[in-house]
Amino acid sequence: MQRRRVVVQGHVQGVYFRETLRRRAGAAGVSGWVRNRSDGRVEAVLEGEREAVERLVAFAREGPRGARVDWVDVANEEPEGLEGFEVR
């Protein structure tokens, strides 16, 4: 089990970034949340099996169609045992 906090900068709001990440997390069995930040970035917390979390981090580096990802910050955190995935 691992946990990553991901902050994505670029043209990432208004392009279904959060919803696409939510769907992919659900399919991969990854828990956590994703939200738009007031500074225009998208922030997500991802908890789950290492490979599944890393696939979602890789997706965040590209984003959905229509997004332009300029920069991604990924931080390791201690897992909290989250269940489910929500868009905040």
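Located above this text is the structure these notes cover.
What you are looking at is a predicted structure, and each value in this text was computed from that prediction instead of being measured.

### Quick look at the pattern of salt bridges
In step 1: Evaluation of the coordinates by the stated rule reveals 14 salt bridges.
In step 2: A salt bridge links E80 to R3; its shortest N-O distance comes to 3.6 Å. Residue E80 is found in the loop between β4 (68-77) and β5 (85-87), and its partner R3 is found in strand β1 (residues 2-11); the two are separated by 77 residues along the sequence.
In step 3: Classification of E80 as exposed rests on a relative accessible area of 57%.
In step 4: In this structure R3 comes out as buried when scored by relative accessible area, which is 4%.
In step 5: The partner of R22 in a salt bridge is E19, and the shortest N-O contact between them spans 2.4 Å. You can see R22 and its partner E19 sitting in helix α1 (residues 17-28), three residues apart, about one turn around the helix.
In step 6: Judged by its relative accessible area of 23%, E19 falls in the partly exposed class.
In step 7: Connected through salt bridges with shared partners, the residues R3, R5, R35, R37, D39, R41, E43, E47, E77 and E80 form a single ionic network.

### A closer look at the nonpolar core
In step 1: In this structure, V6, V8, F17, L21, V30 and L46 are the most contacted members of the largest nonpolar core, which totals 20 residues.
In step 2: Taken together, the elements giving at least two residues each to this core come down to β1, α1, β3 (42-48) and α2 (50-62).
In step 3: Among the elements that take part in this core, α2 stands out by supplying six residues, more than any other.
In step 4: Residues in contact with V30, not counting those within four places in the same chain, are A25, L46, E47, A52, V53, L56 and F85.

Parameters and conventions
- Residues numbered from 1 in each chain as written.
- Predicted model: local features only at pLDDT ≥ 70, side-chain atom pairs only at ≥ 80, totals over all residues.
- Heavy atoms only, no water.
- Salt bridge = Lys/Arg side-chain N within 4 Å of Asp/Glu carboxyl O.
- Helix = DSSP H or I, 4+ residues; strand = E, 2+ residues; numbered from the N terminus.
- Buried < 20%, exposed > 50% of the residue type's maximum accessible area, 1.4 Å probe, protein only.
- Core = buried A, V, L, I, M, F, W, Y, C linked by side-chain atoms within 4.5 Å.
- Contact = heavy atoms within 4.5 Å.

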